[in-house]
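# Structural overview for review
One-letter residues, chain by chain:
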Amino acid sequence: MQHIELHHGPMAARIATLGAELVSLTKDGREFLWQGDPAFWHGQSPLLFPNTGNFWDGKYRYDGQEYALEKHGFARKMEFSVISRSADSVTLGIHSTDDTLKVYPFQFFLFVTYRLEESGIEVEWFVRNEGDSPMYFAIGAHPAFYLPDFDPADTVRGYFRFDTDKPIEYLIPTEKGCVDAEHPQLLKLDAEGMMPITAKTFDIDTYVIESKNISRCTLLDAERVPYLAVDFNMPVLSLWAPTIARPDCPFVAIEPWAGSCDTVGFSGELSERRHINSVDASQYFRTSYKITIF
């Protein structure tokens, strides 16, 4: 594993070749990305591919066969090759191997590009189907960010704001990390249309938000001053922090997903999963998200 350093004006970033993971994002020397203390959570910004979240019982079915895949897939544990790089951008890639084909029977190329800008970073994913039949997959981000001026004694530690005035629905993981899609919940916002972040906010574990009306999630400090934002065009936005086990957790994860976890008891084919992506032979899928620092 090596680390790739990027610089652009006041911004700096560091990307690990293991998992093509963003492991540092600073502006004027201030770190915004969680630094991975295993006492809370060892991750920082893992790439989720070819699945986001859990399969029911850890298994899925394709073309008459059953396969087992762990939560969030295998890309985060693979060593990526550096395809190209400059002072402020880098592209890394992996392809299917004999080992991946045992658990995921599709031939693919996956490229991840980081582009550092004056006020943040853009992350682009490019998935190409190298097989001769349709390829099914999910892909997602899992970046965690420090809460600004964190004090575990504060009742309210910050706020989320969403770029919509329409009702926001979310699903809750209820069994084996899977959701009950038949009973969506309505997100409760305060009088100013924001979602307060407290030590109890994530007692449900994860908010799996159906994001058809949302393209930006902004993290604000306890005084409601914008701190950073994540922009995306994906069907799911997950929000998470491990405060059930660690109420003093100093970070939150803002996770845009082009995919979803399974529903409770799901026994259908891979192609029938919620928010699954399909790419025909020799075709590709491309999407991106952006982190803006204020």
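Placed above this text is the structure.
Residues numbered from 1 in each chain as written. Predicted model: local features only at pLDDT ≥ 70, side-chain atom pairs only at ≥ 80, totals over all residues. Heavy atoms only, no water.

Below, the discussion takes up the overall build of the chain. Looking only at helices and strands, one finds one helix and 27 strands in the chain. Taken over the C-alpha trace, the chain has a radius of gyration of 19 Å; the compact-globule value for 294 residues is 19 Å, and the two agree within 12%. Principal axes of the C-alpha set define a box for the chain whose edges measure 55 × 50 × 35 Å. The buried share of the chain, taken over its 294 residues, is 52%. Taking all contacts inside the chain whose residues are at least 6 apart in sequence as the whole, residues at least 24 apart take part in 66%. Only carbon and sulfur atoms are counted for the fraction: they give 47% of the accessible area of the chain, which is about 12700 Å². (Helix = DSSP H or I, 4+ residues; strand = E, 2+ residues; numbered from the N terminus. Rg over C-alpha atoms; globule rule 2.2 N^0.38 Å. Buried < 20%, exposed > 50% of the residue type's maximum accessible area, 1.4 Å probe, protein only. Contact = heavy atoms within 4.5 Å. Areas by Shrake-Rupley, 256 points an atom, 1.4 Å probe, with all protein chains shown as cover.)

Per the stated rule, a full pass over the model turns up 28 aromatic pairs. With centroids separated by 5.2 Å and ring planes inclined at 65 degrees, the aromatic side chains of phenylalanine 49 and phenylalanine 108 adopt a geometry described as edge-to-face. One end of the pair, phenylalanine 49, is in the loop between strand S5 (47–48) and strand S6 (59–62); the other, phenylalanine 108, is in strand S10 (residues 108–117), with 59 residues separating them in the sequence. With a relative accessible area of 1%, phenylalanine 108 lands in the buried category. Every member of this aromatic cluster is reached through a ring pair, and the members are Phe49, Tyr62, Phe74, Tyr104, Phe106, Phe108, Tyr136, Phe137 and Phe285. Here the basic side chain of arginine 246 rests over the ring of phenylalanine 40, its NZ or CZ set 4.0 Å away from the ring centre. (Phe/Tyr/Trp six-rings, centres within 6.5 Å; stacked < 30°, edge-to-face > 60°. Lys NZ or Arg CZ within 6 Å of the ring centre and 35° of its normal.)

Of note, tyrosine 284 is situated in strand S27 (residues 284–293). Accessibility expressed as a relative area gives 45% for tyrosine 284, which makes it partly exposed. Beyond its immediate chain neighbours, meaning those up to four positions away, tyrosine 284 contacts Phe126, Val127, Arg128 and Val279.

This part covers the sheet that holds strand S3 (residues 21–27). Taken together, the four strands give an open sheet; going across it, the order is S1-S2-S3-S4, and neighbouring strands pair in antiparallel fashion. The strands lining the two open edges of the sheet, one partner per strand, are strand S1 (3–8) and strand S4 (30–31). Sheet topology places S3 next to S4; two bridges connect them, and they run antiparallel. Directly across from lysine 27, in S4, lies its bridge partner arginine 30. (Pairing = 2+ DSSP bridges.)

If you walk across this open sheet you meet the nine strands as S8-S9-S10-S11-S27-S23-S22-S15-S20, and the pairing is antiparallel. Unpaired on one side and paired on the other, strand S8 (81–85) and strand S20 (194–197) mark the two borders of the sheet. When strand polarity is set aside, the average angle formed by the axes of neighbouring strands in this sheet is 20 degrees. The pairing of strand S11 (residues 120–129) with S27 spans nine bridges and is classified as antiparallel. Residue isoleucine 121 lies in a different strand from S27, and its bridge partner there is isoleucine 291. (Axes fitted to C-alpha atoms, helices over the stretch in contact; angles between N-to-C directions.)

In this model, phenylalanine 49 is joined to proline 50 through a cis peptide bond whose omega is 5 degrees. Tracing the sequence through the fold places proline 50 in the loop between S5 and S6. In the Ramachandran plot, arginine 224 falls in the positive-phi region, its phi being about 70 degrees despite a non-glycine side chain.

Counting across every chain of the model gives zero disulfides. Free of any disulfide, cysteine 249 has its nearest neighbouring cysteine sulfur in cysteine 217, separated by 16 Å. (Disulfide = S-S within 2.5 Å.)

One pass over the full model with this rule turns up 18 salt bridges. Close ionic contact of glutamate 122 with arginine 115 constitutes a salt bridge, the shortest N to O distance being 3.3 Å. With a relative accessible area of 30%, arginine 115 lands in the partly exposed category. For the salt bridge of aspartate 231 with arginine 216, the shortest nitrogen-to-oxygen distance reads 2.8 Å. Highlighted residues: aspartate 231 in strand S23 (residues 226–232) and arginine 216 in strand S22 (residues 216–220), separated in sequence by 15 residues. (Salt bridge = Lys/Arg side-chain N within 4 Å of Asp/Glu carboxyl O.)

Grouped together as the largest cluster of nonpolar side chains are 81 residues, with contacts concentrated most on Phe160, Phe162 and Leu239. Setting aside residues up to four positions removed in sequence, phenylalanine 160 forms contacts with Met194, Met195, Ile197, Phe202, Cys217, Thr218, Leu219, Leu220, Leu239, Val252 and Ile254. Counting residues in hydrophobic clusters, the runner-up holds seven residues, among them Leu48, Val179, Val208 and Cys261. (Core = buried A, V, L, I, M, F, W, Y, C linked by side-chain atoms within 4.5 Å.)

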